[in-house]
Protein chains: 2
Amino acid sequence: MTAPLYQAIKANIGRLVSLTETEYALFFAQLRSVKLKKREMLLREGEVCREAFFINEGCLRYFFNVEGEEKSGQFFFENAWYSDFYSFTTGRPTEENIQALEASQLLAISRESLLQLFEQIPKLERWGRLIAENAFIGLKNVNSAFLNLSPTERYQTLVKERPKVIQRVPQHYIASYLGIQPESLSRIRKRLQKS
Amino acid sequence: MTAPLYQAIKANIGRLVSLTETEYALFFAQLRSVKLKKREMLLREGEVCREAFFINEGCLRYFFNVEGEEKSGQFFFENAWYSDFYSFTTGRPTEENIQALEASQLLAISRESLLQLFEQIPKLERWGRLIAENAFIGLKNVNSAFLNLSPTERYQTLVKERPKVIQRVPQHYIASYLGIQPESLSRIRKRLQKS
């Protein structure tokens, strides 16, 4: 039987690879539980992101400091992973500041533990490959959205594909994520409600 | 003994993982040799990139058609891999047009063969993970260069880090890669020669 703390992460990994109970136990043994209060920082720019974080409960956002202003980069919710994959894989300092938007409970695994587990559990290396491929695909999609879609279209994509962002993230962070002023977001929302 | 055709690809893979002769033989059995004449197209936008290509000899560039003009995206030389990793992993049509800039000899492996080999050779899955991580890191670096560096700085990076591009790629393709007109590239080169 899996402890309640690990049920969601087990289901998450199980969507990509099938591990035995013994293999899951090896994986769980490497996890560390992290609790964050609302608005608490998990990582600041200049630090190295040495862990990947599975979100059991709560919500994270990362932002960049651009000329004294916070520019929201992305939002993450329960049952998803966060790491600055660039910093995590290269060991270079992150440019991201990651913060809890709600009280959050995370499970962290270090790069080091993960590489050891890849040695012990070859099937887990497949999971690592798929995670890396998905990180690449995600980054390409973000690039493509910024090149090809207007702020209104990107807002509509959020509404359709990521309703949790609309429901749980403060408006001014969403505006900053879309690269527009809060007043412009209000106008977009009013226009879409009318149409 | 490894056939001359496979020596370079063996050395390339061997830099990331260590396979036995039997495992290399399984891998080589899945390769198809591709010869391209100078200026011949390997893949056009709208097609799916179903193979990854190791360049034994020659040089490839990919370009996008932007409002009737060719915009050069990247250049690849012997002992490197090319695939549109997005199209290759998702099965979606590519936006890239890939062309031989010199007479080229490639070794191609299909996504399907590769996934089968990952089943047979778990160590090869590590190679797949590392390739995917490197694809992500490469894309992040490209993003960052476009955001943070001027055309002159990006040209200087090419001179320093990728001299083959300077030596073997026609000037107008380099200019298009830098996002500038050929005349601007001439001016940048003259200015740098003087300084």
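Residues numbered from 1 in each chain as written. Chains lettered and ligands numbered in written order. Predicted model: local features only at pLDDT ≥ 70, side-chain atom pairs only at ≥ 80, totals over all residues. Heavy atoms only, no water.

Asker: What is the right way to read the pattern of salt bridges from this model?
Answerer: Working definition: two side chains of opposite charge can pair if their charged atoms are close together. Residue and element names in this part refer to chain B. Taken as a whole and judged by the stated rule, the model has 24 salt bridges over all chains. When the shortest N-O distance is used, the salt bridge between glutamate 78 and arginine 168 registers 2.8 Å. Of this pair, glutamate 78 sits in the loop between β5 (69–77) and β6 (81–82) while arginine 168 sits in helix α7 (residues 163–168), and the two are 90 residues apart along the sequence. For glutamate 78, a relative accessible area of 21% gives the class partly exposed. (Salt bridge = Lys/Arg side-chain N within 4 Å of Asp/Glu carboxyl O. Helix = DSSP H or I, 4+ residues; strand = E, 2+ residues; numbered from the N terminus. Buried < 20%, exposed > 50% of the residue type's maximum accessible area, 1.4 Å probe, protein only.)

Asker: Explanation requested: the interface of chain B and chain A in the structure shown.
Answerer: A common way to report how large an interface is uses the accessible area buried once the components associate. Between chain B and chain A, the contact holds 24 residues from the first and 24 residues from the second. Roughly 2300 Å² is buried in total at the junction of chain B and chain A, and carbon and sulfur atoms are behind 58% of that figure. One can count 8 salt bridges joining chain B with chain A. A salt bridge links arginine 126 of chain A to glutamate 119 of chain B; the nearest nitrogen and oxygen atoms lie 2.9 Å apart. On the surface where chain B and chain A come into contact, there are 11 residue pairs in polar contact (both at pLDDT 80 or more). Elements represented by at least two residues in the side of chain B that touches chain A include exactly α3 (85–90), α4 (111–120) and α5 (122–148) of chain B. Here the side of chain B that touches chain A takes 14 residues from α5 of chain B, the largest share from any one element. Each residue belonging to the side of chain B that touches chain A can be placed in one class, and the counts come to 10 nonpolar, 5 polar and 9 charged. (Contact = heavy atoms within 4.5 Å. Buried area = accessible area lost by both parts, 1.4 Å probe. Polar contact = N/O pair within 3.5 Å; in protein donor to acceptor, adjacent residues only side chain to side chain. Nonpolar A, V, L, I, M, F, W, Y, C, P; charged D, E, K, R; others polar.)

Asker: Would you mind showing me how to read the relation of the copies chain B and chain A here?
Answerer: Between the two copies of the chain lies a rotation about an axis combined with a shift along it. Relative to chain A, chain B is turned by 180° and slid 0.0 Å along the rotation axis, the superposed coordinates differing by an RMSD of 0.0 Å. Such values leave the two copies arranged in the relation of a two-fold axis. Relative to the rotation axis, the C-alpha of arginine 129 of chain B is the closest in chain B, positioned 2.0 Å from it. (Least-squares fit on C-alpha atoms with pLDDT ≥ 70 in both.)

Asker: Could you clarify how one ought to interpret the packing of helix α1 (residues 4–14) of chain B against helix α2 (residues 21–28) of chain B in this entry?
Answerer: Packed helix pairs are characterised by how far apart their axes lie and by the angle those axes make with each other. Residue and element names in this part refer to chain B. It is at 12 Å that the axes of α1 and α2 come closest, and there the two elements cross at 120°. Taken together, the axes of α1 and α2 lie oblique to each other. By crossing handedness, the relation of α1 to α2 is classed as right-handed. Note on element contacts: α2 touches α1 through Glu21, Tyr24, Phe27 and Phe28, opposite Tyr6, Ile9, Lys10, Ile13 and Gly14. (Axes fitted to C-alpha atoms, helices over the stretch in contact; angles between N-to-C directions. Parallel < 35°, antiparallel > 145°, perpendicular 65-115°, else oblique. Left-handed = near helix turned anticlockwise from the far one by under 90°.)

Asker: Whenever I open this one, the nonpolar core confuses me. Can you help?
Answerer: When a protein is soluble and globular, its nonpolar side chains tend to lie buried together. Judged by nonpolar contacts, the single largest core of 56 residues is most densely connected at Ile9 and Phe27 of chain A together with Ile9 and Phe27 of chain B. If we ignore the near neighbours within four places in the chain, the residues touching isoleucine 9 of chain A are Phe27, Phe28, Leu31, Phe54, Trp81 and Leu107 of chain A. (Core = buried A, V, L, I, M, F, W, Y, C linked by side-chain atoms within 4.5 Å.)

Asker: Please explain the packing of aromatic side chains as it appears in this structure.
Answerer: For any pair of aromatic rings, the description rests on two quantities: the centre-to-centre distance and the angle between the ring planes. Counted by the stated rule, this structure contains 24 aromatic pairs over all chains. Taking 5.0 Å as the distance between ring centres and 90° as the angle between the ring planes, the aromatic pair formed by phenylalanine 136 of chain A and phenylalanine 85 of chain B counts as edge-to-face. With one member in each of two chains, phenylalanine 136 of chain A in helix α5 (residues 122–148) and phenylalanine 85 of chain B in helix α3 form a pair that bridges those chains. You'll find phenylalanine 136 of chain A and phenylalanine 85 of chain B in the same group, each marked buried. Its guanidinium or amino end placed over the ring of tyrosine 173 of chain B, arginine 61 of chain B lies 3.7 Å from that ring's centre, counting from NZ or CZ. Its end group placed over the ring of phenylalanine 146 of chain B, arginine 154 of chain B keeps NZ or CZ at 3.9 Å from the ring centre. (Phe/Tyr/Trp six-rings, centres within 6.5 Å; stacked < 30°, edge-to-face > 60°. Lys NZ or Arg CZ within 6 Å of the ring centre and 35° of its normal.)

Asker: Would you mind going over the packing of helix α6 (residues 151–161) of chain A against helix α8 (residues 171–178) of chain A with me for this structure?
Answerer: Residue and element names in this part refer to chain A. At a minimum axis distance of 10 Å, the contact between α6 and α8 shows a crossing angle of 125°. By the angle between their directions, the pair α6 and α8 is classed as oblique. Viewed along their axes, α6 and α8 form a crossing whose handedness is right-handed. Seen from α6, the contacting residues are Pro151, Arg154, Tyr155 and Leu158; seen from α8, they are Ile174, Tyr177 and Leu178. Among the residues forming the contact of α6 with α8, the class breakdown is 6 nonpolar, no polar and 1 charged.

Asker: Just to check I follow, could you spell out the sheet that holds strand β2 (residues 41–43) of chain B for this structure?
Answerer: In any sheet, the strands associate via hydrogen bonds between backbone groups, in a parallel or an antiparallel arrangement. Residue and element names in this part refer to chain B. With respect to topology, 4 strands assemble into an open sheet ordered β2-β7-β4-β5, the strand pairing being antiparallel. Edge positions in the open sheet fall to β2 and β5, since each of these has one partner strand only. Between one strand axis and the next, the sheet turns through 30° on average, direction left out of account. The sheet contact formed by β2 and strand β7 (residues 97–100) spans 2 bridges and is antiparallel. In the strand pairing of β7, leucine 43 is matched with isoleucine 98. (Pairing = 2+ DSSP bridges.)

Asker: How should I be thinking about the environment of proline 93 of chain A in this particular structure?
Answerer: Residues and elements named next belong to chain A. Looking at the secondary structure, you find proline 93 in the loop between α3 (85–90) and β7 (97–100). When the C-alpha positions of proline 93 and glutamate 47 are compared, they lie 5.1 Å apart, and in sequence the two are 46 residues distant. Not counting the four nearest positions on each side in its chain, proline 93 is found in contact with Gly46, Glu47, Val48 and Ser87.

Asker: Looking at this model, I keep getting lost on a positive patch on the surface. Mind explaining?
Answerer: A surface patch of like charges, here positive, comprises Arg187, Lys190, Arg191 and Lys194 of chain A. Tracing the sequence through the fold places lysine 190 of chain A in helix α9 (residues 182–194). (Patch = residues over 30% accessible without salt bridge, like charges linked within 9 Å, V, L, I, M, F, W, Y side chains within 5 Å. Areas by Shrake-Rupley, 256 points an atom, 1.4 Å probe, with all protein chains shown as cover. Lys, Arg positive; Asp, Glu negative; His and termini not counted. Charge placed at Lys NZ, Arg CZ, Asp CG, Glu CD.)

Asker: Whenever I open this one, the confidence of the model for chain A confuses me. Can you help?
Answerer: Atom-level detail of predicted coordinates should not be read off regions where pLDDT is low. With 99% of its residues at a pLDDT of 70 or more, chain A has an overall mean of 95. Two summary scores accompany this predicted model of the complex, namely pTM at 0.92 and ipTM at 0.91. (pLDDT = per-residue confidence, 0-100.)

Asker: Help me out: how do you make sense of the state of the cysteines in this one?
Answerer: What makes a disulfide is a covalent bond joining the sulfur atoms belonging to two cysteines. All names here are of chain A. Counted by the stated rule, this structure contains 0 disulfides over all chains. Cysteine 59 takes part in no disulfide bond, and the closest cysteine sulfur, belonging to cysteine 49, lies 17 Å away. By relative accessible area, cysteine 59 is classed as buried at 0%. (Disulfide = S-S within 2.5 Å.)

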